[in-house]
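If you want the building blocks of each chain, they are given just below.
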Amino acid sequence: MLRSMRKLAIVFSVAAMAAGQQSGTRDVDGILTQARAEIRDFEKTGGKKGDANHPVEKWVRTLWAVYEESPRTPEGDKAAVQAVHLLIHADRFPEAYERADRVPADDPAWEDMPEILVEAGSLQNDFTYFFRKLTAVLTTSTKPAIRAAIEWNLGRVWQGQKQEEKAKAAYQAALELAPDSASGRQAERQLYELLHLGPGRPAPAFSATALDGSQISLADYRGKPVVVVFWSST
């Protein structure tokens with residue numbers, strides 16, 4: 001039953017992708033659905049990530065064709081990023097890096113590519129390529145949103161390596177470059193956490209209304225042990 005449902009889903013995805021091609025677009029989500037299903041089935045039946053006939057190569061070529069057909073469009077950008085992502089999940093890091101190297105520094109795909117390269121560095125426990133590539137794009141790109149995305153991801157890796165001062169500087173740079181971008185907002189949150197919510201730092205001042213209607217302030221409890229419980233309801 002599950003196998004039949006999966007085949008039916010793939011059929012629908014193929015139909016959707018064909019319709020997209022006829023209208024001059026390519027359905028990247030549909031391609032990814034097919035790719036992940038085929039890769040999963042290949043590996044479940046004993047296929048190894050290093051096998052020459054691993055389906056990842058076919059799907060990366062398909063995604064890259066979308067990128068080359070529709071450069072600097074949301075679908076094209078997604079296709080490039082997800083092609084690299086598929087290679088990383090298949091432990092084909094040199095191939096993933098070779099594809100990333102093909103993307104120009106001012107290409108909008110670099111707004112999302114850095115996160116994928118963080119994942120690659122984490123999986124390998126080696127950020128050599130990550131730092132080299134992101135530094136090169138950072139110094140070449142003229143797009144604030146791209147440079148903010150790079151600074152935010154540099155900050156994430158610096159923070160993970162316990163180099164807080166470098167992380168703070170990177171987050172601050174991302175925030176200044178593109179405060180309204182997704183990366184700028186993420187950097188603002190993480191910078192706030194580093195500055196105010198880390199172990200050993202003074203808790204941010206706040207006041208609230210108690211259940212009995214009285215006003216309470218954290219400052220009223222200075223010098224006393226305090227347990228703050230955060231909860232919400234929907």
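Rules used in this analysis
Residues numbered from 1 in each chain as written. Predicted model: local features only at pLDDT ≥ 70, side-chain atom pairs only at ≥ 80, totals over all residues. Heavy atoms only, no water. Core = buried A, V, L, I, M, F, W, Y, C linked by side-chain atoms within 4.5 Å. Buried < 20%, exposed > 50% of the residue type's maximum accessible area, 1.4 Å probe, protein only. Helix = DSSP H or I, 4+ residues; strand = E, 2+ residues; numbered from the N terminus. Contact = heavy atoms within 4.5 Å. Phe/Tyr/Trp six-rings, centres within 6.5 Å; stacked < 30°, edge-to-face > 60°. Lys NZ or Arg CZ within 6 Å of the ring centre and 35° of its normal. Expected span 1.5 Å × (residues − 1). pLDDT = per-residue confidence, 0-100. Axes fitted to C-alpha atoms, helices over the stretch in contact; angles between N-to-C directions. Parallel < 35°, antiparallel > 145°, perpendicular 65-115°, else oblique. Left-handed = near helix turned anticlockwise from the far one by under 90°. Nonpolar A, V, L, I, M, F, W, Y, C, P; charged D, E, K, R; others polar. Salt bridge = Lys/Arg side-chain N within 4 Å of Asp/Glu carboxyl O.

Notes on the nonpolar core
Part 1 of the argument: Residues Leu63, Leu86, Trp110, Leu117, Phe130 and Leu154 are the most contacted members of the largest nonpolar core, which totals 56 residues.
Part 2 of the argument: At 8 residues, the largest contribution of residues to this core is made by helix H4 (residues 74-89).
Part 3 of the argument: In contact with Trp110, not counting residues within four places along its chain, are Ala100, Val103, Pro104, Ala105, Leu117, Lys133, Leu134, Val137, Ile146 and Ala149.

A short note on unusual backbone geometry
Part 1 of the argument: Of note, Arg72 is a non-glycine position whose phi angle comes to about 60°, a positive value.
Part 2 of the argument: Tracing the backbone shows Arg72 in the loop between helix H3 (56-69) and H4.
Part 3 of the argument: For Arg72, a relative accessible area of 47% gives the class partly exposed.

With respect to the packing of aromatic side chains
Part 1 of the argument: For the structure shown, the criterion picks out 6 aromatic pairs.
Part 2 of the argument: Their ring planes at 55° and their centres at 6.4 Å tell us that Phe127 and Phe131 sit as a pair that is tilted.
Part 3 of the argument: Residue classification places Phe127 among the buried positions, given a relative accessible area of 16%.
Part 4 of the argument: One aromatic cluster is present, built from ring pairs that chain together Phe127, Phe130, Phe131 and Trp158.
Part 5 of the argument: When the ring centre of Trp64 is taken as reference, the NZ or CZ atom of Arg99 above it lies at 5.1 Å.
Part 6 of the argument: Lying over the aromatic face of Trp152, Arg156 brings its terminal NZ or CZ to 5.0 Å of the ring centre.

Considerations on helix H7 (residues 128-140)
Part 1 of the argument: Taking 1.5 Å of rise per residue, 13 residues should cover 18 Å, and H7 covers 19 Å from first to last C-alpha, within 8% of that figure.
Part 2 of the argument: Every buried residue of H7 is listed here: Tyr129, Phe130, Phe131, Lys133, Leu134, Val137 and Leu138.
Part 3 of the argument: Where H7 is buried, its residues meet helix H5 (93-101), helix H6 (113-124) and helix H8 (144-160).

Things to note about the confidence of the model for the chain
Part 1 of the argument: Here the chain shows a mean pLDDT of 87. Residues at 70 or above account for 83%.
Part 2 of the argument: This model gives residues 7-24 a pLDDT under 50, and the stretch forms 13 contacts once residues within four places in sequence are excluded.

Looking at the packing of H8 against helix H10 (residues 182-196)
Part 1 of the argument: Running from amino to carboxyl end, H8 crosses H10 at an angle of 30°, the nearest separation of the two axes being 9 Å. Overall, the two elements H8 and H10 adopt an arrangement that is roughly parallel. As for the relative orientation of H8 and H10, their crossing is left-handed in sense. Here H8 contributes Ala148, Ala149, Trp152, Arg156 and Gln159 to the contact with H10, which in turn contributes Ser183, Gln186, Ala187, Gln190 and Leu194.
Part 2 of the argument: Per-class residue counts for the contact of H8 with H10 are 5 nonpolar, 4 polar and 1 charged.

Let's talk about the pattern of salt bridges
Part 1 of the argument: All told, the structure shown has 9 salt bridges when counted by the stated rule.
Part 2 of the argument: Note that Lys78 is salt-bridged to Asp29, the shortest N-O span being 3.2 Å. One end of the pair, Lys78, is in helix H4; the other, Asp29, is in helix H2 (residues 28-44), and 49 residues separate them in sequence.
Part 3 of the argument: For Lys78, a relative accessible area of 28% corresponds to the partly exposed category.

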